[in-house]
Structures are given as structure tokens and as C-alpha cells.
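A look at the structure
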Amino acid sequence: MKTYELVGIGNAVVDVISQIDDNFLANMDIEKGIMQLVAQERAEILYGAMRERVQTPGGSVANTIAGAGALGLETAFIGRVRDDTLGRFYASAMADHGIDFVNPPVPDGEVPTSRSMIFVTPDGERSMNTYLGISTGLTLKDVPDEVSGNAKLMFLEGYLFDHDAGKTAFREAARATKAGGGKAGIAISDPFCVERHRDDFMSLIKHDLDYVIGNEAELRSLFETDDIEEAIAKTTEICPIVVCTRSGDGVTLVREGERVDVPVKKVVPVDATGAGDQFAAGFLYGLSKGHDLETCGKMGNLCAAEVISHIGPRPQKDMLAEFKAAGLV
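Residues numbered from 1 in each chain as written. Predicted model: local features only at pLDDT ≥ 70, side-chain atom pairs only at ≥ 80, totals over all residues. Heavy atoms only, no water.

**Observations regarding the pairing of strand 5 (residues 75-78)**
Burial along strand 5 is two-sided: Thr-75 and Phe-77 and Ala-76 and Ile-78, pointing in opposite directions, are all buried. Sheet topology note: the strand 1 (residues 6-9)/strand 5 ladder contains 4 bridges and is parallel. Note on strand 5: the bridge partner recorded for Gly-8 is Phe-77. Two strands pair when backbone bridges link them, and strand 5 and strand 6 (residues 100-101) are joined in this way by 2 bridges, in the parallel orientation. Bridge pairing in strand 6 places Phe-77 opposite Phe-101. Following the chain from strand 5 across helix 4 (residues 85-96) to the adjacent parallel strand 6, one finds a crossover that is right-handed. (Buried < 20%, exposed > 50% of the residue type's maximum accessible area, 1.4 Å probe, protein only. Helix = DSSP H or I, 4+ residues; strand = E, 2+ residues; numbered from the N terminus. Pairing = 2+ DSSP bridges. Right-handed = clockwise from strand over helix to strand, strands pointing away.)

Structure, rendered in C-alpha cells:
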């Protein structure tokens, strides 16, 4: 039976990118520079209007798994796609990246594969219209015991916690991983997810998780406080490993009383998309290899710095070589 160093559960979203002009945005009534959710009918209209599409497999935790896989970890991803053109593309693209995509495309039903349609104007602004589609319907049936039970690290995506079936799947997957001797954790994903499900989030973190990764806004939201130090302290009371990313102020990592603050060199990002996802990839790589907290934080920061230096949410450099150059491995 296969053992995975890292398994992720998250939204399986195809990123569809098209370069357009401002007239196109106006004609299609697309609000510039923001991300908004769209319904199926609107998604199909926008997708049909896109010219010279560039498609890549996306989704927050999926991007993390891809980054960790590129570093050499044995990885798997659990997510739902439809047996349609985009779904088959997603499954094969993940496999091409060396990631075991363990869920076969769903053959029946009327809900298509999730997609984020990203319209890029000449000034570099990205206007995102996301259709969540079939991926949000993930249930416990989509999580094979032989995968979650044989994961050294399990990484969950907070966005999927918005649905009751997702909550159950997360809880059971985390318990299966821990029963097999692994560690389970979550990317909080969004403060609004916390606000909608605070009690359930807190219960999952306290009873079933070994690590939590969130930014300042997400951790503050957990405890409804404006004081980030209070939020970090309270999170460490209920979870063994807490990671708080603080944008240009670096990252704070706490494990069983040991605290490390790792600074970053402030740079102007070319494209901030995927910074948190790739930080998590570097951090989880370090954790899987038994490195100390400071090294894990530095690895995460290097991965985040690389991904914001170019367009796209996945690394373009050999990050293991970057780690070696920095004296981290």
C-alpha cells in the first residue's frame, strides 16, 4: 500500500486565463480587479467568450500540493471534477505534475467542473470570475481510507469547510491520518469562512488537527480579536503547531511553546497569486523532513518570494536548488 508524504483535500479548479482589453471587460460587464463568484449560466457565457485560453490546474491546496511535489515529496490530491473536457484536463494535468489525483472524474450529474476565469488586461490587472461547480460537493465518499490513512501529512482547504458534508469529510480524513501516525492540518483560507463556521472550525482545530496555517486576518477572526498576539497565543493553546503569515512582516511559527519569527525581504510582487499556497508548500516540505521551525519558515518564505516574482500560482524555479543555495538543506 502506497504511503504519501503529503495529501491535500481541496477545490479542484481549472484556472482559465485570457488576455483581453478594457473594452472586453465593459462589454461583458466584468468588474475589474476583483474576484467574484458566478453561477453556471454566467460561467458558460464567459468561458465561451474567452480568446486564446491558457488553462492550468488550480485551487489553493492543489497549488500547495504541486509546489511540494516539485520539491520531491510523494503527493496525492483529493478533489472532485466532472467527466467533462475541463475535468479530464484537470485530472491529466495533475498526473503530469507527478501528483496522484485519486478521484476519477464523476461521470453523471449536471454540475460541471469548477473553473476560475481570469481576465488579464494590458496593465496587468487580473479580474477573476469563479464558478465553484462540482468541487464543493465533496463528501466522505470521495476520501479513500487507504489514502488518508497512509498520509504522513494531511492538508485541508478551509474553503471546503463551508459545507456540512465537507466538515464530515475533513474530520474523518484528519482522524484517519492521525490514526495512521501522521499529522493533519488546515489552511484557514478566508476570515469569512471562519465567521460562518467559527464553532466548527475551533472544534476541528482543537480536537482533530496538529497544525494550522493562517494569515493575521484569519487568526484574528478565529477569536474575534483585533490583537494578533492574542490570537496567536489562543490558537497555540488549542493546536500544537501554529503558523501565522504576516505578509511583508514575515511569518510567526509556534510549536509547543517554542516561537520563531522569520523576517522576509520586502519586494513589490509581480503577481501575488499563490503566495500563501507556496509558502505552505515550503513549510510542509520542511515539516515532512523534520527540520526545525526556523528552517521550515525560511523554506516557506523562499517559495512565496519565488511565486510572486512572476505571473501564475506555481513555482517556475527549482526550489530545492534554491534551498541548497540558501544553506537550508
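Now, onward.
**Focus on unusual backbone geometry**
Although it is not a glycine, Glu-52 adopts a positive phi angle of roughly 45 degrees. Locating Glu-52 in the fold gives a position in the loop between helix 2 (40-49) and strand 4 (54-58). For Glu-52, a relative accessible area of 76% gives the class exposed. Positive phi, normally seen in glycine, also occurs at Ser-189, with a value near 80 degrees.

**As for the packing of helix 9 (residues 216-223) against helix 10 (residues 228-238)**
Running from N to C, helix 9 and helix 10 cross one another at 70 degrees; their axes reach a closest spacing of 9 Å. With respect to each other, helix 9 and helix 10 are oriented roughly perpendicular. Classified by chirality, the crossing of helix 10 by helix 9 is left-handed. Judged by residue contacts, Glu-216, Leu-219, Arg-220, Leu-222 and Phe-223 of helix 9 engage Ile-228, Ala-231, Ile-232, Lys-234, Thr-235 and Ile-238 from helix 10. Each residue belonging to the contact of helix 9 with helix 10 can be placed in one class, and the counts come to 7 nonpolar, 1 polar and 3 charged. (Axes fitted to C-alpha atoms, helices over the stretch in contact; angles between N-to-C directions. Parallel < 35°, antiparallel > 145°, perpendicular 65-115°, else oblique. Left-handed = near helix turned anticlockwise from the far one by under 90°. Contact = heavy atoms within 4.5 Å. Nonpolar A, V, L, I, M, F, W, Y, C, P; charged D, E, K, R; others polar.)

**Quick notes on the UniProt feature "domain: Carbohydrate kinase PfkB" (unreviewed entry) in the protein chain**
On the UniProt side, "domain: Carbohydrate kinase PfkB" (unreviewed entry) is annotated at positions that read residues 50-314 here. Helix makes up 41% of residues 50-314 and strand 20%, whereas the separation of the span's terminal C-alpha atoms amounts to 22 Å. (UniProt positions renumbered as here; feature names shortened; annotations may be inferred.)

**What about the sheet that holds strand 5?**
Sheet strands pair by backbone hydrogen bonding; their relative direction is either parallel or antiparallel. Overall, mixed pairing links the 9 strands, which are arranged 6-5-1-9-10-11-12-13-14 in an open sheet. A single partner strand is all that each edge strand has here, and the edge strands are strand 6 and strand 14 (258-262).

**Notes on the environment of Asp-15**
Position of Asp-15 among the secondary structure elements: in strand 2 (residues 13-19). Considering only alpha carbons, one finds Asp-15 and Gln-55, 40 residues apart in sequence, at a separation of 5.6 Å.

**Let's talk about the side chain of Ser-18**
The topology assignment puts Ser-18 in strand 2. We classify Ser-18 as buried; its relative accessible area is 0%.

**Describing helix 9**
For helix 9, the set of buried residues is Glu-218, Leu-219, Ser-221, Leu-222 and Phe-223. Residues of helix 9 that are buried make contact with helix 7 (191-196), helix 8 (198-208), strand 11 (211-215), helix 10 and strand 12 (241-245). Looking one or two residues past helix 9, Glu-224 carries a phi angle of roughly 50 degrees, positive in sign.

**Quick notes on the packing of aromatic side chains**
This model, assessed by the stated rule, comprises 8 aromatic pairs. Ring geometry for Phe-77 and Phe-101: centres 6.2 Å apart, planes at 20 degrees, overall stacked. Of the two residues, Phe-77 is situated in strand 5 and Phe-101 in strand 6; the sequence distance between them amounts to 24 residues. This pair shows no difference in class: Phe-77 is buried, exactly as Phe-101 is. Ring geometry for Tyr-285 and Phe-323: centres 5.9 Å apart, planes at 45 degrees, overall tilted. (Phe/Tyr/Trp six-rings, centres within 6.5 Å; stacked < 30°, edge-to-face > 60°.)

**Brief notes about the sheet that holds strand 7 (residues 114-120)**
Reading across from one edge, 3-8-7-2-4 is the order of the 5 strands in this open sheet, with mixed pairing throughout. With partners counted over all chains shown, the strands left at the sheet margins are strand 3 (35-37) and strand 4, one partner each. Neighbour-to-neighbour, the strand axes of the sheet open up by a mean angle of 20 degrees, direction not taken into account. Pairing between strand 7 and strand 8 (residues 126-131): 6 bridges, direction antiparallel. Each residue of the ladder has a partner; that of Ser-116, found in strand 8, is Thr-130. Against the sheet, helix 2 contacts strand 2, strand 4, strand 7 and strand 8, and its axis sits at roughly 45 degrees relative to strand 7.

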